[in-house]
Amino acid sequence: MKRLAVLLIGGLMAISNLSASHAAATEIEFSDMNRNHWAYHEITFLTEKDVIRGASGKFLPNRTITRLDAAVMIGRAMNLAAQGETATVPADMFVSTRGYQEVMASLEKGMFALDDGKFRPNENLTRKDMARVLTVGFGYEGTGQSTFTDVPPTFPYYSYIDAISANDVTTGYSDGTFRPDMPVNRLQFSIFLARIYSKPLEYSVKQDGITLHKVRDSEEAISLAMTYPKATVHPVSNSMVTFSEKTGDLNQTGIHNGVLIYNGAENYITFSPEFFRPYITPNGSSGTLFDSFIFLGRSYPEGEFGVHVKNNANYSDWLWYLNQTFDEAGGLNNLNEAAKGLGKTVNVYIAIPYPKMEGTFMDLEGNKHTNSMTEREKIVSWYIEQTEILWDVAAYENLHFKGYYWFSETMGHREDEKMITKISDTIHNRNRAFIYSPHATSSNFEHWKNYGFDGAYLQPNTFRLKITDTEARLHRAFLQAQIYGSGINLEIDQYGPLQIEAGLENFKQYIDMAHRYELSGQSLIFYQGVGMVDRMIKYWNLPSYNQAYQLLGSLAY
(Lines give C-alpha, C1' and ligand atoms only; values in the text may rest on other atoms or scores of the structure.)
Protein backbone atom coordinates (compact mmCIF):
# COMPACT_ATOMS: atom_id res chain seq x y z
CA MET A 1 0.00 0.00 0.00
CA LYS A 2 2.81 2.43 0.85
CA ARG A 3 4.48 2.01 -2.54
CA LEU A 4 1.13 2.41 -4.28
CA ALA A 5 0.49 5.65 -2.35
CA VAL A 6 3.76 7.20 -3.51
CA LEU A 7 3.14 6.22 -7.13
CA LEU A 8 -0.38 7.57 -7.13
CA ILE A 9 0.40 10.89 -5.53
CA GLY A 10 3.69 11.44 -7.28
CA GLY A 11 1.91 11.25 -10.61
CA LEU A 12 -1.00 13.50 -9.73
CA MET A 13 0.16 17.07 -9.35
CA ALA A 14 -2.83 18.72 -11.02
CA ILE A 15 -4.11 21.11 -8.41
CA SER A 16 -7.62 22.51 -8.47
CA ASN A 17 -8.67 25.71 -6.76
CA LEU A 18 -11.11 25.61 -3.89
CA SER A 19 -14.62 26.77 -4.72
CA ALA A 20 -15.98 30.05 -3.56
CA SER A 21 -18.82 29.63 -1.09
CA HIS A 22 -20.95 27.26 0.92
CA ALA A 23 -24.51 27.40 2.17
CA ALA A 24 -23.39 27.06 5.80
CA ALA A 25 -21.25 30.17 5.37
CA THR A 26 -23.60 32.36 3.35
CA GLU A 27 -22.35 35.83 2.49
CA ILE A 28 -24.54 38.66 3.71
CA GLU A 29 -26.07 40.64 0.90
CA PHE A 30 -24.67 44.13 1.49
CA SER A 31 -22.33 45.47 -1.18
CA ASP A 32 -20.47 47.57 1.43
CA MET A 33 -20.17 44.84 4.09
CA ASN A 34 -18.43 41.60 3.10
CA ARG A 35 -16.48 38.90 4.95
CA ASN A 36 -13.36 41.07 5.10
CA HIS A 37 -15.04 43.63 7.35
CA TRP A 38 -14.01 43.38 11.00
CA ALA A 39 -17.68 43.39 12.14
CA TYR A 40 -18.90 40.88 9.55
CA HIS A 41 -20.03 38.26 12.07
CA GLU A 42 -21.96 40.77 14.19
CA ILE A 43 -23.76 42.24 11.18
CA THR A 44 -24.52 38.75 9.85
CA PHE A 45 -26.02 37.81 13.20
CA LEU A 46 -28.37 40.82 13.30
CA THR A 47 -29.27 40.50 9.63
CA GLU A 48 -30.26 36.86 10.05
CA LYS A 49 -32.45 37.89 12.98
CA ASP A 50 -34.10 40.61 10.84
CA VAL A 51 -33.03 43.32 13.27
CA ILE A 52 -31.17 45.32 10.64
CA ARG A 53 -32.02 45.81 6.99
CA GLY A 54 -30.11 47.60 4.31
CA ALA A 55 -31.03 50.28 1.83
CA SER A 56 -30.59 49.66 -1.91
CA GLY A 57 -28.39 46.65 -1.16
CA LYS A 58 -26.10 48.53 1.21
CA PHE A 59 -25.69 48.47 4.98
CA LEU A 60 -24.33 52.05 5.19
CA PRO A 61 -22.26 51.41 8.34
CA ASN A 62 -21.05 54.99 8.76
CA ARG A 63 -24.45 56.63 8.43
CA THR A 64 -25.56 58.22 11.69
CA ILE A 65 -28.50 56.39 13.24
CA THR A 66 -31.57 58.40 14.16
CA ARG A 67 -33.54 58.06 17.38
CA LEU A 68 -36.39 56.58 15.33
CA ASP A 69 -34.19 53.94 13.68
CA ALA A 70 -32.69 53.02 17.04
CA ALA A 71 -36.17 52.57 18.51
CA VAL A 72 -37.15 50.37 15.57
CA MET A 73 -34.02 48.20 15.88
CA ILE A 74 -34.33 47.75 19.64
CA GLY A 75 -38.04 47.05 19.20
CA ARG A 76 -37.32 44.27 16.71
CA ALA A 77 -34.59 42.85 18.90
CA MET A 78 -36.72 42.76 22.04
CA ASN A 79 -40.03 41.97 20.33
CA LEU A 80 -41.50 45.05 21.97
CA ALA A 81 -45.16 45.92 21.63
CA ALA A 82 -46.84 49.01 22.99
CA GLN A 83 -49.34 48.23 25.74
CA GLY A 84 -51.11 51.60 25.66
CA GLU A 85 -49.78 52.55 29.08
CA THR A 86 -48.07 55.81 28.07
CA ALA A 87 -50.16 58.84 28.98
CA THR A 88 -48.42 61.21 26.59
CA VAL A 89 -48.13 60.63 22.88
CA PRO A 90 -45.20 62.64 21.48
CA ALA A 91 -46.36 65.69 19.58
CA ASP A 92 -44.21 64.73 16.59
CA MET A 93 -45.33 61.08 16.34
CA PHE A 94 -48.53 59.85 14.68
CA VAL A 95 -50.12 56.45 14.26
CA SER A 96 -49.26 56.56 10.57
CA THR A 97 -45.60 57.39 11.26
CA ARG A 98 -43.12 54.64 10.47
CA GLY A 99 -41.97 53.00 13.69
CA TYR A 100 -44.82 54.45 15.77
CA GLN A 101 -45.46 51.21 17.67
CA GLU A 102 -41.76 50.66 18.41
CA VAL A 103 -41.35 54.24 19.64
CA MET A 104 -44.38 53.97 21.91
CA ALA A 105 -43.16 50.65 23.30
CA SER A 106 -39.69 52.05 24.00
CA LEU A 107 -41.21 55.08 25.73
CA GLU A 108 -43.36 52.83 27.91
CA LYS A 109 -40.20 51.06 29.06
CA GLY A 110 -38.48 54.39 29.73
CA MET A 111 -35.71 53.84 27.20
CA PHE A 112 -36.08 57.34 25.74
CA ALA A 113 -36.86 60.71 27.24
CA LEU A 114 -39.13 63.30 25.58
CA ASP A 115 -37.94 66.85 25.00
CA ASP A 116 -40.71 69.43 25.36
CA GLY A 117 -43.23 66.68 24.65
CA LYS A 118 -41.46 65.64 21.46
CA PHE A 119 -39.62 62.43 20.57
CA ARG A 120 -37.56 64.13 17.82
CA PRO A 121 -37.40 60.98 15.67
CA ASN A 122 -35.04 62.37 13.02
CA GLU A 123 -32.39 63.66 15.42
CA ASN A 124 -29.17 61.73 15.80
CA LEU A 125 -28.95 59.13 18.51
CA THR A 126 -26.13 60.20 20.83
CA ARG A 127 -23.92 57.99 22.95
CA LYS A 128 -25.71 59.11 26.11
CA ASP A 129 -29.07 58.25 24.46
CA MET A 130 -27.69 54.84 23.56
CA ALA A 131 -26.52 54.30 27.15
CA ARG A 132 -30.04 54.96 28.42
CA VAL A 133 -31.66 52.75 25.77
CA LEU A 134 -29.44 49.78 26.59
CA THR A 135 -29.41 50.22 30.37
CA VAL A 136 -33.17 50.53 30.72
CA GLY A 137 -33.95 48.01 28.00
CA PHE A 138 -31.78 45.26 29.47
CA GLY A 139 -31.96 46.14 33.12
CA TYR A 140 -28.26 46.79 33.57
CA GLU A 141 -27.02 47.99 36.92
CA GLY A 142 -23.95 50.10 37.50
CA THR A 143 -21.39 50.11 40.28
CA GLY A 144 -20.67 53.83 40.51
CA GLN A 145 -17.06 53.04 39.64
CA SER A 146 -16.80 54.49 36.13
CA THR A 147 -14.50 57.50 35.86
CA PHE A 148 -14.86 58.95 32.38
CA THR A 149 -13.31 62.40 32.45
CA ASP A 150 -16.25 63.99 30.65
CA VAL A 151 -18.99 62.19 32.65
CA PRO A 152 -18.93 63.30 36.30
CA PRO A 153 -21.25 61.58 38.81
CA THR A 154 -23.49 64.65 38.70
CA PHE A 155 -24.09 64.24 34.96
CA PRO A 156 -27.79 63.39 34.36
CA TYR A 157 -26.88 60.31 32.28
CA TYR A 158 -24.07 59.10 34.57
CA SER A 159 -26.03 56.12 35.96
CA TYR A 160 -26.80 54.84 32.44
CA ILE A 161 -23.22 55.28 31.22
CA ASP A 162 -21.85 53.70 34.37
CA ALA A 163 -24.18 50.71 33.92
CA ILE A 164 -23.13 49.85 30.35
CA SER A 165 -19.50 50.35 31.34
CA ALA A 166 -19.84 47.98 34.32
CA ASN A 167 -21.44 45.37 32.05
CA ASP A 168 -18.66 45.59 29.43
CA VAL A 169 -20.94 46.94 26.71
CA THR A 170 -18.46 49.78 26.14
CA THR A 171 -15.10 50.83 27.49
CA GLY A 172 -15.11 54.41 26.22
CA TYR A 173 -12.18 55.97 24.39
CA SER A 174 -8.45 55.57 24.94
CA ASP A 175 -8.13 59.14 26.26
CA GLY A 176 -10.48 58.34 29.16
CA THR A 177 -13.54 60.07 27.71
CA PHE A 178 -17.00 58.72 26.91
CA ARG A 179 -18.08 61.58 24.59
CA PRO A 180 -21.76 61.48 25.55
CA ASP A 181 -22.98 63.90 22.89
CA MET A 182 -21.25 62.21 19.97
CA PRO A 183 -23.67 60.75 17.41
CA VAL A 184 -23.80 56.96 17.04
CA ASN A 185 -23.63 55.41 13.58
CA ARG A 186 -25.44 52.32 12.31
CA LEU A 187 -22.40 50.11 12.71
CA GLN A 188 -21.71 51.16 16.30
CA PHE A 189 -25.29 50.61 17.43
CA SER A 190 -25.41 47.26 15.66
CA ILE A 191 -22.22 46.13 17.37
CA PHE A 192 -23.64 47.02 20.77
CA LEU A 193 -26.80 45.02 20.08
CA ALA A 194 -24.86 42.05 18.73
CA ARG A 195 -22.59 42.00 21.79
CA ILE A 196 -25.62 41.88 24.03
CA TYR A 197 -27.71 39.33 22.15
CA SER A 198 -25.08 36.90 20.92
CA LYS A 199 -24.79 35.62 24.48
CA PRO A 200 -27.50 34.87 27.04
CA LEU A 201 -28.93 37.65 29.12
CA GLU A 202 -29.46 35.24 32.01
CA TYR A 203 -28.17 31.89 33.26
CA SER A 204 -29.99 29.29 35.31
CA VAL A 205 -28.54 26.90 37.88
CA LYS A 206 -30.45 23.62 38.03
CA GLN A 207 -30.37 20.37 39.93
CA ASP A 208 -32.67 17.40 39.37
CA GLY A 209 -34.65 19.50 36.90
CA ILE A 210 -35.37 22.22 39.47
CA THR A 211 -34.19 25.79 38.91
CA LEU A 212 -32.25 26.89 41.97
CA HIS A 213 -31.01 30.27 40.77
CA LYS A 214 -31.27 32.70 37.86
CA VAL A 215 -28.47 35.25 37.51
CA ARG A 216 -27.12 37.55 34.82
CA ASP A 217 -23.45 36.69 35.12
CA SER A 218 -22.14 33.33 33.89
CA GLU A 219 -19.28 33.19 36.38
CA GLU A 220 -21.69 33.86 39.23
CA ALA A 221 -23.86 30.99 37.96
CA ILE A 222 -20.84 28.67 37.84
CA SER A 223 -19.83 29.64 41.38
CA LEU A 224 -23.36 28.94 42.61
CA ALA A 225 -23.46 25.57 40.82
CA MET A 226 -20.29 24.50 42.60
CA THR A 227 -22.06 24.78 45.97
CA TYR A 228 -24.35 21.88 45.02
CA PRO A 229 -23.37 18.23 44.46
CA LYS A 230 -25.02 17.73 41.05
CA ALA A 231 -25.94 21.19 39.76
CA THR A 232 -25.64 22.31 36.12
CA VAL A 233 -25.54 25.73 34.46
CA HIS A 234 -27.70 26.60 31.45
CA PRO A 235 -28.22 29.60 29.16
CA VAL A 236 -31.66 31.21 29.29
CA SER A 237 -33.19 31.96 25.89
CA ASN A 238 -33.82 35.59 24.97
CA SER A 239 -36.04 37.32 22.43
CA MET A 240 -33.54 36.77 19.59
CA VAL A 241 -31.83 33.47 20.38
CA THR A 242 -33.20 30.17 21.63
CA PHE A 243 -30.57 28.22 23.53
CA SER A 244 -30.57 24.50 24.11
CA GLU A 245 -29.97 23.06 27.56
CA LYS A 246 -27.87 20.29 26.02
CA THR A 247 -24.69 20.26 24.00
CA GLY A 248 -25.02 19.91 20.23
CA ASP A 249 -26.17 16.59 18.78
CA LEU A 250 -24.37 17.42 15.49
CA ASN A 251 -26.25 14.85 13.42
CA GLN A 252 -24.44 15.81 10.21
CA THR A 253 -21.14 14.56 11.60
CA GLY A 254 -22.41 11.00 12.07
CA ILE A 255 -20.43 10.94 15.32
CA HIS A 256 -22.00 9.53 18.45
CA ASN A 257 -18.74 8.85 20.30
CA GLY A 258 -15.55 9.73 18.44
CA VAL A 259 -11.92 9.18 19.45
CA LEU A 260 -8.74 10.92 18.35
CA ILE A 261 -6.04 8.55 17.08
CA TYR A 262 -2.62 10.18 16.72
CA ASN A 263 -0.64 8.56 13.93
CA GLY A 264 2.03 11.08 12.98
CA ALA A 265 5.69 11.02 13.95
CA GLU A 266 4.62 11.35 17.60
CA ASN A 267 3.08 7.86 17.50
CA TYR A 268 5.15 5.09 19.09
CA ILE A 269 2.43 2.43 19.12
CA THR A 270 2.34 -0.51 16.74
CA PHE A 271 -1.23 -0.69 15.44
CA SER A 272 -3.00 -4.03 15.28
CA PRO A 273 -6.60 -5.26 15.23
CA GLU A 274 -6.14 -6.13 18.94
CA PHE A 275 -5.26 -2.49 19.62
CA PHE A 276 -8.56 -1.24 18.21
CA ARG A 277 -11.04 -3.83 19.48
CA PRO A 278 -11.41 -2.34 23.01
CA TYR A 279 -12.02 1.05 21.36
CA ILE A 280 -14.94 -0.30 19.36
CA THR A 281 -16.58 -2.65 21.86
CA PRO A 282 -16.09 -2.60 25.64
CA ASN A 283 -14.85 -5.87 27.08
CA GLY A 284 -17.65 -8.33 27.76
CA SER A 285 -20.19 -6.20 25.93
CA SER A 286 -21.89 -6.11 22.58
CA GLY A 287 -22.36 -2.36 22.78
CA THR A 288 -20.31 0.31 21.03
CA LEU A 289 -17.79 2.54 22.77
CA PHE A 290 -16.46 4.51 19.78
CA ASP A 291 -18.26 4.54 16.44
CA SER A 292 -15.99 7.18 14.87
CA PHE A 293 -12.19 7.37 14.59
CA ILE A 294 -10.39 10.61 13.84
CA PHE A 295 -6.86 10.08 12.52
CA LEU A 296 -4.52 13.01 12.94
CA GLY A 297 -0.79 13.55 12.92
CA ARG A 298 0.64 16.13 15.27
CA SER A 299 4.14 15.97 13.80
CA TYR A 300 6.23 14.84 10.85
CA PRO A 301 9.89 13.75 11.12
CA GLU A 302 11.30 17.29 10.94
CA GLY A 303 8.56 19.41 12.50
CA GLU A 304 4.98 20.04 13.61
CA PHE A 305 1.81 20.12 11.50
CA GLY A 306 -0.08 22.64 13.62
CA VAL A 307 0.03 26.41 14.17
CA HIS A 308 3.61 26.15 15.36
CA VAL A 309 7.00 27.76 14.70
CA LYS A 310 8.24 24.28 13.77
CA ASN A 311 5.70 23.97 10.96
CA ASN A 312 7.73 24.13 7.77
CA ALA A 313 5.81 21.29 6.12
CA ASN A 314 5.96 21.01 2.34
CA TYR A 315 4.20 18.67 -0.08
CA SER A 316 6.62 15.86 0.72
CA ASP A 317 5.76 16.10 4.43
CA TRP A 318 2.03 16.02 3.76
CA LEU A 319 2.70 13.07 1.46
CA TRP A 320 4.66 11.37 4.24
CA TYR A 321 1.61 11.65 6.51
CA LEU A 322 -0.74 10.19 3.88
CA ASN A 323 1.62 7.25 3.36
CA GLN A 324 1.74 6.77 7.12
CA THR A 325 -2.05 6.75 7.30
CA PHE A 326 -2.71 4.39 4.38
CA ASP A 327 0.21 2.03 4.98
CA GLU A 328 -0.77 -1.63 5.40
CA ALA A 329 0.63 -1.50 8.95
CA GLY A 330 -1.11 1.80 9.64
CA GLY A 331 -4.18 2.68 11.65
CA LEU A 332 -6.81 2.51 8.92
CA ASN A 333 -6.02 -1.00 7.77
CA ASN A 334 -5.84 -2.39 11.31
CA LEU A 335 -9.02 -0.57 12.33
CA ASN A 336 -10.77 -2.12 9.34
CA GLU A 337 -9.64 -5.61 10.40
CA ALA A 338 -10.80 -5.01 13.98
CA ALA A 339 -14.23 -3.77 12.84
CA LYS A 340 -14.56 -6.70 10.46
CA GLY A 341 -13.81 -9.18 13.25
CA LEU A 342 -16.49 -7.57 15.44
CA GLY A 343 -19.04 -7.41 12.62
CA LYS A 344 -19.25 -3.61 12.81
CA THR A 345 -18.69 -0.63 10.54
CA VAL A 346 -17.18 2.54 11.98
CA ASN A 347 -16.79 6.10 10.70
CA VAL A 348 -13.41 7.58 9.81
CA TYR A 349 -12.25 11.20 9.73
CA ILE A 350 -8.83 12.14 8.36
CA ALA A 351 -7.10 15.29 9.54
CA ILE A 352 -5.96 18.10 7.25
CA PRO A 353 -2.61 19.52 8.41
CA TYR A 354 -2.41 23.25 8.96
CA PRO A 355 -0.89 24.94 5.87
CA LYS A 356 1.92 27.12 7.17
CA MET A 357 1.62 30.90 6.88
CA GLU A 358 5.33 31.63 6.44
CA GLY A 359 8.06 30.28 4.19
CA THR A 360 7.77 28.90 0.68
CA PHE A 361 5.95 25.75 -0.36
CA MET A 362 8.06 23.18 -2.18
CA ASP A 363 6.11 20.79 -4.40
CA LEU A 364 7.05 17.17 -5.13
CA GLU A 365 9.09 18.20 -8.17
CA GLY A 366 11.27 20.57 -6.14
CA ASN A 367 9.64 23.79 -7.31
CA LYS A 368 9.24 26.55 -4.73
CA HIS A 369 6.03 28.59 -4.48
CA THR A 370 5.76 31.91 -2.65
CA ASN A 371 3.51 31.58 0.38
CA SER A 372 0.06 33.12 -0.15
CA MET A 373 -3.52 32.26 0.65
CA THR A 374 -3.84 30.85 -2.88
CA GLU A 375 -0.87 28.54 -2.35
CA ARG A 376 -2.17 27.50 1.06
CA GLU A 377 -5.52 26.63 -0.51
CA LYS A 378 -3.78 24.69 -3.28
CA ILE A 379 -1.88 22.36 -0.95
CA VAL A 380 -5.10 21.62 0.94
CA SER A 381 -6.99 20.97 -2.30
CA TRP A 382 -4.19 18.67 -3.49
CA TYR A 383 -4.20 16.81 -0.17
CA ILE A 384 -7.97 16.24 -0.28
CA GLU A 385 -7.79 14.99 -3.85
CA GLN A 386 -5.05 12.48 -3.01
CA THR A 387 -6.82 11.32 0.14
CA GLU A 388 -9.93 10.54 -1.89
CA ILE A 389 -7.93 8.56 -4.45
CA LEU A 390 -6.13 6.53 -1.80
CA TRP A 391 -9.38 5.81 0.00
CA ASP A 392 -10.97 4.48 -3.18
CA VAL A 393 -7.97 2.27 -3.88
CA ALA A 394 -7.90 0.90 -0.32
CA ALA A 395 -11.57 -0.18 -0.47
CA TYR A 396 -11.92 -0.80 3.27
CA GLU A 397 -15.02 -2.95 3.75
CA ASN A 398 -15.81 -1.99 7.35
CA LEU A 399 -14.84 1.67 7.37
CA HIS A 400 -17.03 4.56 6.27
CA PHE A 401 -15.10 7.67 5.24
CA LYS A 402 -17.27 10.33 6.82
CA GLY A 403 -15.11 13.41 6.43
CA TYR A 404 -12.18 15.63 7.36
CA TYR A 405 -10.86 17.08 10.60
CA TRP A 406 -9.22 20.52 10.60
CA PHE A 407 -6.05 20.16 12.64
CA SER A 408 -5.81 23.78 13.84
CA GLU A 409 -7.62 24.43 17.12
CA THR A 410 -8.34 28.12 16.64
CA MET A 411 -9.33 30.66 14.01
CA GLY A 412 -7.02 33.48 15.01
CA HIS A 413 -6.11 34.82 11.57
CA ARG A 414 -8.54 36.59 9.26
CA GLU A 415 -6.91 34.83 6.31
CA ASP A 416 -7.73 31.47 7.92
CA GLU A 417 -11.36 32.51 8.29
CA LYS A 418 -11.64 33.19 4.57
CA MET A 419 -9.67 30.10 3.60
CA ILE A 420 -11.62 27.69 5.78
CA THR A 421 -14.95 28.60 4.19
CA LYS A 422 -13.53 27.64 0.79
CA ILE A 423 -12.09 24.41 2.17
CA SER A 424 -15.44 23.53 3.72
CA ASP A 425 -17.12 24.06 0.38
CA THR A 426 -14.72 21.71 -1.37
CA ILE A 427 -15.31 19.07 1.31
CA HIS A 428 -19.09 19.38 1.16
CA ASN A 429 -19.02 19.14 -2.63
CA ARG A 430 -17.55 15.67 -2.09
CA ASN A 431 -20.42 14.82 0.30
CA ARG A 432 -18.03 14.69 3.25
CA ALA A 433 -18.46 16.30 6.66
CA PHE A 434 -16.01 18.77 8.20
CA ILE A 435 -15.20 19.11 11.91
CA TYR A 436 -12.64 20.60 14.29
CA SER A 437 -11.93 20.81 18.01
CA PRO A 438 -11.21 24.34 19.29
CA HIS A 439 -9.39 24.78 22.59
CA ALA A 440 -11.02 26.49 25.58
CA THR A 441 -9.76 29.99 24.71
CA SER A 442 -9.94 29.63 20.92
CA SER A 443 -10.47 32.78 18.87
CA ASN A 444 -13.86 33.05 17.16
CA PHE A 445 -15.11 29.67 18.35
CA GLU A 446 -18.63 31.11 18.49
CA HIS A 447 -18.64 31.53 14.70
CA TRP A 448 -17.85 27.91 13.85
CA LYS A 449 -21.07 27.36 11.92
CA ASN A 450 -20.40 30.42 9.75
CA TYR A 451 -17.11 28.89 8.65
CA GLY A 452 -18.90 25.84 7.25
CA PHE A 453 -17.98 23.27 9.90
CA ASP A 454 -20.54 20.53 10.51
CA GLY A 455 -19.33 20.06 14.05
CA ALA A 456 -17.10 21.70 16.63
CA TYR A 457 -15.98 19.89 19.77
CA LEU A 458 -14.88 22.26 22.51
CA GLN A 459 -11.91 21.27 24.65
CA PRO A 460 -12.30 22.09 28.37
CA ASN A 461 -8.46 21.88 28.63
CA THR A 462 -8.52 20.82 32.26
CA PHE A 463 -6.92 17.38 32.17
CA ARG A 464 -3.45 18.54 33.27
CA LEU A 465 -2.72 17.57 36.87
CA LYS A 466 -1.47 21.06 37.73
CA ILE A 467 -4.93 22.53 37.05
CA THR A 468 -6.70 23.45 40.30
CA ASP A 469 -10.07 24.75 39.03
CA THR A 470 -11.19 21.65 37.12
CA GLU A 471 -14.86 21.82 38.14
CA ALA A 472 -15.26 25.47 37.14
CA ARG A 473 -13.54 24.89 33.80
CA LEU A 474 -15.78 21.94 33.02
CA HIS A 475 -18.94 23.90 33.86
CA ARG A 476 -17.66 26.73 31.66
CA ALA A 477 -17.02 24.43 28.71
CA PHE A 478 -20.41 22.69 28.94
CA LEU A 479 -22.10 26.10 29.19
CA GLN A 480 -20.29 27.37 26.09
CA ALA A 481 -21.21 24.19 24.22
CA GLN A 482 -24.89 24.81 25.00
CA ILE A 483 -24.69 28.46 23.95
CA TYR A 484 -22.98 27.78 20.62
CA GLY A 485 -24.37 24.33 19.85
CA SER A 486 -21.05 22.52 19.88
CA GLY A 487 -20.03 19.12 21.15
CA ILE A 488 -17.50 18.43 23.90
CA ASN A 489 -14.04 16.93 23.66
CA LEU A 490 -13.58 14.79 26.77
CA GLU A 491 -9.93 14.54 27.74
CA ILE A 492 -7.54 12.34 29.64
CA ASP A 493 -3.77 12.52 29.59
CA GLN A 494 -1.55 9.51 28.98
CA TYR A 495 -0.90 8.98 32.67
CA GLY A 496 1.90 6.66 33.71
CA PRO A 497 1.74 4.35 36.77
CA LEU A 498 2.98 7.15 39.07
CA GLN A 499 0.35 9.61 37.79
CA ILE A 500 -2.69 7.46 37.21
CA GLU A 501 -4.24 7.79 40.68
CA ALA A 502 -4.21 11.59 40.50
CA GLY A 503 -5.23 11.45 36.86
CA LEU A 504 -8.13 9.17 37.69
CA GLU A 505 -9.53 11.72 40.14
CA ASN A 506 -9.35 14.33 37.39
CA PHE A 507 -11.01 11.99 34.87
CA LYS A 508 -13.81 11.22 37.32
CA GLN A 509 -14.80 14.90 37.20
CA TYR A 510 -14.96 14.79 33.40
CA ILE A 511 -17.20 11.74 33.44
CA ASP A 512 -19.34 13.11 36.26
CA MET A 513 -19.96 16.31 34.28
CA ALA A 514 -20.68 14.26 31.16
CA HIS A 515 -23.48 12.49 33.00
CA ARG A 516 -24.73 15.63 34.77
CA TYR A 517 -25.10 17.43 31.45
CA GLU A 518 -26.51 14.33 29.71
CA LEU A 519 -23.65 14.24 27.22
CA SER A 520 -24.26 10.56 26.60
CA GLY A 521 -26.64 10.56 23.65
CA GLN A 522 -25.20 13.77 22.24
CA SER A 523 -22.16 13.96 19.97
CA LEU A 524 -18.76 13.86 21.67
CA ILE A 525 -15.13 13.11 20.91
CA PHE A 526 -12.38 11.84 23.19
CA TYR A 527 -8.76 12.94 23.54
CA GLN A 528 -6.49 10.28 25.08
CA GLY A 529 -2.93 11.32 24.24
CA VAL A 530 -1.34 8.85 21.86
CA GLY A 531 -3.07 5.82 23.33
CA MET A 532 -4.39 6.02 26.88
CA VAL A 533 -7.21 3.56 26.17
CA ASP A 534 -4.59 1.03 25.05
CA ARG A 535 -2.74 1.65 28.31
CA MET A 536 -5.97 1.11 30.29
CA ILE A 537 -6.27 -2.32 28.67
CA LYS A 538 -2.61 -3.31 28.96
CA TYR A 539 -2.53 -2.48 32.66
CA TRP A 540 -5.93 -3.97 33.37
CA ASN A 541 -4.60 -5.60 36.54
CA LEU A 542 -3.93 -2.17 38.10
CA PRO A 543 -7.18 -0.93 39.70
CA SER A 544 -6.82 2.72 38.63
CA TYR A 545 -6.43 1.86 34.92
CA ASN A 546 -9.26 -0.64 35.19
CA GLN A 547 -11.54 1.94 36.79
CA ALA A 548 -10.64 4.56 34.17
CA TYR A 549 -11.78 2.19 31.41
CA GLN A 550 -14.97 1.36 33.29
CA LEU A 551 -15.70 5.08 33.64
CA LEU A 552 -15.12 5.56 29.93
CA GLY A 553 -17.33 2.56 29.21
CA SER A 554 -20.21 4.25 31.05
CA LEU A 555 -20.58 6.43 27.95
CA ALA A 556 -20.93 3.43 25.62
CA TYR A 557 -24.24 2.84 23.89
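Rules of the game
- Residues numbered from 1 in each chain as written.
- Predicted model: local features only at pLDDT ≥ 70, side-chain atom pairs only at ≥ 80, totals over all residues.
- Heavy atoms only, no water.
- Helix = DSSP H or I, 4+ residues; strand = E, 2+ residues; numbered from the N terminus.
- Expected span 1.5 Å × (residues − 1).
- Contact = heavy atoms within 4.5 Å.
- Axes fitted to C-alpha atoms, helices over the stretch in contact; angles between N-to-C directions.
- Parallel < 35°, antiparallel > 145°, perpendicular 65-115°, else oblique.
- Left-handed = near helix turned anticlockwise from the far one by under 90°.
- Nonpolar A, V, L, I, M, F, W, Y, C, P; charged D, E, K, R; others polar.
- Buried < 20%, exposed > 50% of the residue type's maximum accessible area, 1.4 Å probe, protein only.
- Core = buried A, V, L, I, M, F, W, Y, C linked by side-chain atoms within 4.5 Å.
- Pairing = 2+ DSSP bridges.
- Phe/Tyr/Trp six-rings, centres within 6.5 Å; stacked < 30°, edge-to-face > 60°.
- Lys NZ or Arg CZ within 6 Å of the ring centre and 35° of its normal.

Draft legend 1. Up close: helix H11 (residues 331-342). An ideal rise of 1.5 Å per residue puts 16 Å on 12 residues; H11 measures up with 16 Å between its terminal C-alpha atoms. At its buried positions, H11 is contacted by helix H9 (273-280), strand S5 (292-296), helix H10 (315-326), strand S8 (346-352), helix H12 (373-394) and strand S11 (399-406). Directly beyond the C-terminal end of H11, a positive phi value near 70 degrees is found at Gly343.

Draft legend 2. Structural detail: the packing of helix H8 (residues 218-225) against helix H14 (residues 470-484). In the contact formed by H8 and H14, the axes pass within 10 Å of each other and the chain directions differ by 125 degrees. As far as their axial angle goes, H14 and H8 are oblique. When the axes of H8 and H14 are compared, the crossing they make is right-handed. Two secondary-structure elements touch here, H8 through Ser218, Glu219, Ile222 and Ala225 and H14 through Ala472, His475, Arg476 and Leu479. Across the contact of H8 with H14, the residue classes break down as 4 nonpolar, 2 polar and 2 charged.

Draft legend 3. Inspection of H10 at higher detail. End to end, H10 covers 16 Å across 12 residues, agreeing with the expected 16 Å (1.5 Å per residue, within 8%). Taking burial as the measure, the 12 residues of H10 include 9 buried ones, the bulk of the element. Those residues of H10 not exposed but buried are Tyr315, Asp317, Trp318, Leu319, Tyr321, Leu322, Asn323, Thr325 and Phe326.

Draft legend 4. Structural detail: the nonpolar core. Counting 171 residues, the largest nonpolar core has Leu134, Phe138, Leu193, Phe293, Ile352, Trp406 and Ile423 as the members making the most contacts within it. Considering each element in turn, this core owes the most residues, 9 residues, to H12. Those residues in contact with Leu134 that sit more than four places away from it in its chain are Ile74, Gly139, Tyr140, Ile164, Val169, Phe192, Leu193 and Ile196.

Draft legend 5. Broad picture of the sheet that holds S8. Around the barrel, which closes on itself, the 8 strands sit in the order S4-S5-S8-S11-S12-S13-S14-S15 with parallel pairing between neighbours. Strand-to-strand twist of the sheet, defined as the mean angle between neighbouring strand axes without regard to direction, takes the value 30 degrees.

Draft legend 6. Looking closely at the pairing of strand S1 (residues 202-207). Across the 6 residues of S1, 5 count as buried, placing the element largely inside the fold. In this sheet, strand S3 (residues 232-236) lies alongside S1 in antiparallel orientation, the contact comprising 5 bridges. Bridging across to S3, Tyr203 finds its partner in Pro235.

Draft legend 7. Seen up close, the packing of aromatic side chains. Counting across every chain of the model gives 35 aromatic pairs. Consider the rings of Tyr279 and Phe290, whose centres lie 6.3 Å apart with planes at 40 degrees: the pair is tilted. Placement of the pair is Tyr279 in helix H9 and Phe290 in the loop between H9 and S5, with a sequence separation of 11 residues. Judged by its relative accessible area of 0%, Tyr279 is buried. A ring pair is formed by Trp391 and Tyr396, whose centres lie 5.1 Å apart and whose planes are at 65 degrees; its orientation type is edge-to-face. When sorted by exposure, Trp391 lands in the same class as Tyr396, which is buried. Site record: aromatic cluster; members linked through ring pairs are Phe271, Phe275, Phe276, Tyr279, Phe290, Phe293, Phe295, Phe507 and Phe526. Sitting over the ring of Phe59, Arg186 keeps its end group 4.8 Å from the ring centre. Above the face of the Phe361 ring, Lys356 is positioned so that its terminal group lies 5.1 Å from the ring centre.

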